[in-house]
Amino acid sequence: MDVFCGIDWAEGHHDVAIIDNTGKLLAKCRIDDDLDGYQLLLDLMAAHGDSAETPIPVAIETSRGLLVATLRTGDRQIFAINPMAASRYRDRHGVSRKKSDPGDALVLANIIRTDMPMHRPLPDDSDLAQAVAVLARAHQDAVWNRQQVANQLRSLLREYFPAALDAWRHKAGGLARADARKILAAAPTPTAAAELPLWKIKVMMHGAGRKRGIDEDAERIQSLFRQSAARQLPAVEEAMGIQAKALLVQLNAVCKAVDELAKAAERTFRSHPDAPVMLSFPGIGPGVGARLLAEIGDDRKRFATAGGLKAYAGAAPITRASGKRKYVGRRFVKNNRLNHAGYLWAFATLTHSKGANAHYRRRRETGDWHAQALRHLFNRMLGQLHHCLLARVPFDEAIAFPSEPQTTVTATA
C-alpha cells in the first residue's frame, strides 16, 4: 500500500496528515517545531511503513528549515509545493472556501498522491553544493541590500548636499566606494565639507585604499564642496547630516558583509568538483559561477534535458496558443536568481568569446533589443553548460560556436 504525507508548515507548529493511495486519512497530528516534534513525526511515519527501503514521500510548502533538513535524511522524496498551487488544489476538495491547517496538510498529501509526476522533488544536492547555495544567495542578498541603502543615502543627499552626489557620480561604485564613505562620514554636511583641507581629503583617500589619481580627485572634490549652492536651514542641515551618518553606518556594515561573503562563496565554490568545468566557460568567474552552481546544484538527475534547465532559468521562451492566437514570449515564472546570474554571464561573454559576441550581434541585427539578445545568448550557453557538466568536459570555443566568423571581439557597453 502506497502512503503519502502532507505537512502544513508554520513558525511554531506543523500539522501532519498521512493518507493511503485511495485518499483515506490514516493519521493526523500537530507537532512542535523542535527536536521532540521532529522525532514524533518520524516515529509516526515509521509506524505507517516509512523505512530506508520504502520511504514515504512528503509534501510541504517550503524547501528550507530544520524540519526539511530532518526529512531529507535518507532517500525520502520531499516535494516543495508552491503555496499558490496548493491554494488552487484546495478548491478541488470543496467550494465553501473553508480553510484550516489540518485541512491544508490533507490537501498537500493528496497533491502528491494524485499528481506526483507533475511536481519536482527537492534535488539531491551534495552538502558542498548546498553550502555554496547558502553563501552565494547571502552574497547576492547583501549586494541588493547595499544598493538599497546606497539609494536611501543618495535620496537624502539630493535634498541637502547635491555636491556629494556630483563628487562620485561617474565613479565605479558611486556612494558605496570606500573613499566616498570615509569622506562623507568625516563631513556629512555642506558646512563641514567646505572646511575640509586638501591634505585631509588625500589622507582619507589613501586610507580607503586609493593608489592612483589621488591628487587630481582630491582637488576636484574640494572644489565641488566649496562651490556656492542652495542650502537648507542650519538646524535642518545638521539634522540631515546626522541621518546621513546613520545611513553610512549601515552602508559600511553591508559593504563589509558583501566583501566577506564574496570571499567565502568563492572559497567554497572553488573547492567543488564542478568548479573547473564552470570556470572554463567565458564570462564565468568565481562570483557568477557560485551563483550558477547555487541554483543549478550538482544533482545530475534534476534536469534530464537542457530544455528543462533553460525553462527553469527563464532563458527559453514560452508559447501560449489557443485557437487562432499564438504568442511566443519570455517567461515571467522562473528562478529569478539564476536568471539574474545568467544576464551577468551573457554580458561578460561579449568581451571574452568571439563566437558569443558574433551571436549577440547577429541577434541585434535581426531586430532583438539588448535584453532579448542577451537572453538568447544565455539560452544557448546554458545548454552548452548542461552538456559539459554531464560529460565532465571543459568549454571549447570551436565546438560551441563552430560556424561563427572569426572576427575581432569588440567591447560593448
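Our structure is the block above this text.
The following refers to the structure shown.

Conventions adopted
- For every chain, the first residue of the written sequence is number 1, and numbering continues from 1 along that sequence.
- With pLDDT at 70 or above as the cut-off, local features in this predicted model cover only qualifying residues; side-chain atom pairs require 80 or more to be listed or tallied, and sums for whole chains, interfaces and linings still use all residues.
- Side-chain measures were taken over the full set of non-hydrogen atoms in the model, leaving aside hydrogen atoms and water.
- Starting at the N terminus, helices and strands are each numbered in turn, a helix being any DSSP run of H or I of at least four residues and a strand any DSSP run of E of at least two.
- Our radius of gyration is a C-alpha quantity, and the globule rule it is checked against amounts to 2.2 Å times the number of residues to the power 0.38.
- Classification of residues uses two cut-offs on accessible area relative to the type maximum, computed with a 1.4 Å probe and protein chains only: under 20% is buried, over 50% is exposed, and between them is partly exposed.
- The contact definition used throughout considers only heavy atoms, calling two residues in contact when any of these lie within 4.5 Å.
- In these tables, accessible area is a Shrake-Rupley quantity obtained with a 1.4 Å probe, and a residue counts as shielded only by the protein chains included in the view.
- Charged-residue counts in this description rest on Lys and Arg as positive and Asp and Glu as negative, His and the chain ends being excluded.
- Lysine's charge is taken at NZ, arginine's at CZ, aspartate's at CG and glutamate's at CD.
- Here the term patch refers to residues with relative accessible area over 30% and no salt bridge, with like charges joined within 9 Å and nonpolar side chains (Val, Leu, Ile, Met, Phe, Trp, Tyr) within 5 Å.
- Salt bridges, as used here, are contacts in which a Lys or Arg side-chain nitrogen is within 4 Å of a carboxyl oxygen on Asp or Glu.
- We call a set of buried residues a nonpolar core when its members are Ala, Val, Leu, Ile, Met, Phe, Trp, Tyr or Cys and they connect through side-chain atoms within 4.5 Å of each other.
- A helix is expected to reach a length of 1.5 Å times the quantity of its residues less one.
- Any pair of nitrogen or oxygen atoms within 3.5 Å is treated as a polar contact; in protein, a donor-acceptor pairing is required on top of that, and neighbouring residues in sequence qualify only through side-chain atoms on both sides.
- Only rings of Phe, Tyr and Trp enter the pairing, Trp through its six-membered ring, and a pair is recorded when the two centres are within 6.5 Å. The plane angle decides the type: under 30 degrees is stacked, over 60 is edge-to-face, the rest tilted.
- Whenever a helix is involved, its axis is fitted only over the stretch in contact; in every case the axis is a line through C-alpha atoms, and angles between N-to-C directions fall within 0 to 180 degrees.
- Just so you know how the angles are binned, under 35 degrees is roughly parallel, over 145 roughly antiparallel, 65 to 115 roughly perpendicular, and the rest oblique.
- With the far helix as reference, a near helix turned anticlockwise by less than a right angle produces a left-handed crossing, and one turned clockwise produces a right-handed crossing.
- Only Asp, Glu, Lys and Arg are considered charged, only Ala, Val, Leu, Ile, Met, Phe, Trp, Tyr, Cys and Pro nonpolar, and every remaining residue, Gly among them, polar.
- Here, a strand pair is defined by DSSP locating no fewer than two bridges between the strands.

### Examining the overall build of the protein chain
Moving on, step 1. Helix and strand counts for the protein chain stand at 18 helices and seven strands.
Moving on, step 2. Relative to the 2.2 N^0.38 estimate, which gives 22 Å for 413 residues, the radius of gyration of the protein chain is 27 Å and therefore markedly larger than a compact globule would have.
Moving on, step 3. C-alpha atoms of the protein chain, sized along the principal axes, occupy 80 × 60 × 50 Å.
Moving on, step 4. When each of the 413 residues of the protein chain is scored for burial, the buried share is 43%.
Moving on, step 5. The contacts of the protein chain with a sequence gap of at least 6 include a subset with a gap of at least 24, amounting to 62%.
Moving on, step 6. Only carbon and sulfur atoms are counted for the fraction: they give 54% of the accessible area of the protein chain, which is about 22,300 Å².
Moving on, step 7. Each charge sign in the protein chain was given a centre, from 57 positive and 44 negative side chains, and these centres are 9 Å apart.

### Comments concerning a nonpolar patch on the surface
Moving on, step 1. A cluster of nonpolar side chains, namely Tyr343, Leu344 and Phe347, defines an oily patch on the protein surface of about 240 Å² accessible area.
Moving on, step 2. Its relative accessible area of 35% is what places leucine 344 among the partly exposed residues.

### Details of the nonpolar core
Generally speaking, a soluble globular protein has its nonpolar side chains buried in company with each other.
Moving on, step 1. Formed by 41 residues in total, the largest nonpolar core has its most connected members in Phe281, Leu292, Ile296, Trp345, Met381, Leu382 and Leu385.
Moving on, step 2. Ranked by residue count, the leading element in this core is helix H17 (residues 370-391), at nine residues.
Moving on, step 3. Residue contacts for leucine 292: discarding those within four places in its chain leaves Met278, Ile284, Gly297, Leu338, Ala341 and Trp345.
Moving on, step 4. Counting 35 residues, the second largest nonpolar core, distinct from the first, contains Val149, Ile214, Leu251 and Cys255.

### Details of helix H1 (residues 35-47)
Moving on, step 1. Given a rise of 1.5 Å per residue, 13 residues ought to cover 18 Å, and the 18 Å separating the end C-alpha atoms of H1 matches this to within 8%.
Moving on, step 2. You can read the cap of H1 off the contacts: a side-chain oxygen lies 3.3 Å from the backbone nitrogen of aspartate 36, and it is on aspartate 34.
Moving on, step 3. Phi turns positive one or two residues past the end of H1, at glycine 49, with a value near 105 degrees.

### Comments concerning the environment of alanine 398
Moving on, step 1. Residue placement: alanine 398 occurs in helix H18 (residues 397-400).
Moving on, step 2. Alanine 398 sits 46 residues away from histidine 352 along the chain, and the two C-alpha atoms are 14 Å apart.

### Brief notes about the pattern of salt bridges
Moving on, step 1. Within the structure shown, the criterion is met by 20 salt bridges.
Moving on, step 2. Note that aspartate 179 is salt-bridged to arginine 177, the shortest N-O span being 3.1 Å.
Moving on, step 3. You can call aspartate 179 buried: its relative accessible area is 3%.
Moving on, step 4. Linking aspartate 217 and arginine 220 is a salt bridge whose minimum nitrogen-to-oxygen distance equals 3.2 Å.

### A look at the side chain of aspartate 179
Moving on, step 1. Along the polypeptide, aspartate 179 turns up in helix H7 (residues 178-186).
Moving on, step 2. Within the local environment of aspartate 179, its side chain forms a polar contact with the side chain of arginine 210, the two groups lying 3.0 Å apart.
Moving on, step 3. When near neighbours in sequence (up to four residues on either side) are disregarded, aspartate 179 contacts Trp168, Met205, Ala208 and Arg210.

### Describing unusual backbone geometry
Moving on, step 1. Located in the positive-phi region is arginine 392, a residue other than glycine, with phi close to 60 degrees.
Moving on, step 2. Secondary-structure assignment places arginine 392 in the loop between H17 and H18.
Moving on, step 3. When its relative accessible area of 40% is taken as the criterion, arginine 392 is described as partly exposed.

### A word on the packing of aromatic side chains
Moving on, step 1. Under the definition given, this model contains seven aromatic pairs.
Moving on, step 2. Ring centres of tyrosine 160 and phenylalanine 161 lie 6.1 Å apart, and the angle between their planes is 50 degrees; this geometry places the pair in the tilted category.
Moving on, step 3. Take tyrosine 160: its relative accessible area is 2%, and that puts it in the buried class.
Moving on, step 4. Between phenylalanine 303 and tyrosine 312, the aromatic rings sit 5.3 Å apart at their centres with planes inclined by 50 degrees, giving tilted as the arrangement.
Moving on, step 5. What links up through ring pairs into an aromatic cluster is the set Tyr160, Phe161, Trp168 and Phe225.

### What about the packing of H7 against helix H11 (residues 234-270)?
Moving on, step 1. For the pair H7 and H11, interaxial distance at closest approach is 10 Å and the crossing angle is 155 degrees. When the axes of H7 and H11 are compared, the pair comes out roughly antiparallel. Both H7 and H11 take part in a crossing whose hand is left-handed. Counted together, Arg181, Leu184 and Ala185 of H7 and Lys245, Leu248, Leu251, Asn252 and Cys255 of H11 form the full contact between these two elements.
Moving on, step 2. Of the residues belonging to the contact of H7 with H11, the class tally is five nonpolar, one polar and two charged.

### Digging into the pairing of strand E2 (residues 13-20)
Moving on, step 1. With seven of eight residues buried, E2 lies mostly within the body of the structure.
Moving on, step 2. For strand E1 (residues 3-8) and E2, the ladder comprises six bridges, and the chain directions are antiparallel. Each residue of the ladder has a partner; that of isoleucine 7, found in E2, is valine 16.
Moving on, step 3. Inspection of the sheet shows E2 paired to strand E3 (residues 25-32) by seven bridges, in the antiparallel sense. Residue aspartate 15 lies in a different strand from E3, and its bridge partner there is arginine 30.

### A word on the sheet that holds E2
Moving on, step 1. Taken together, the five strands give an open sheet; going across it, the order is E3-E2-E1-E4-E5, and neighbouring strands pair in mixed fashion. Of all strands in the sheet, those with a lone pairing partner are E3 and strand E5 (78-80), marking the two edges. With strand direction ignored, the average angle separating the axes of adjacent strands in the sheet is 20 degrees.
Moving on, step 2. Contacts from H1 reach E1, E2, E3 and strand E4 (58-60), with the element oriented near 170 degrees to E3.
Moving on, step 3. The sheet strands contacting helix H4 (residues 101-115) are E1, E2, E3, E4 and E5, and the helix crosses E1 at an angle near 140 degrees.

Just distances and angles here, no functional claims.
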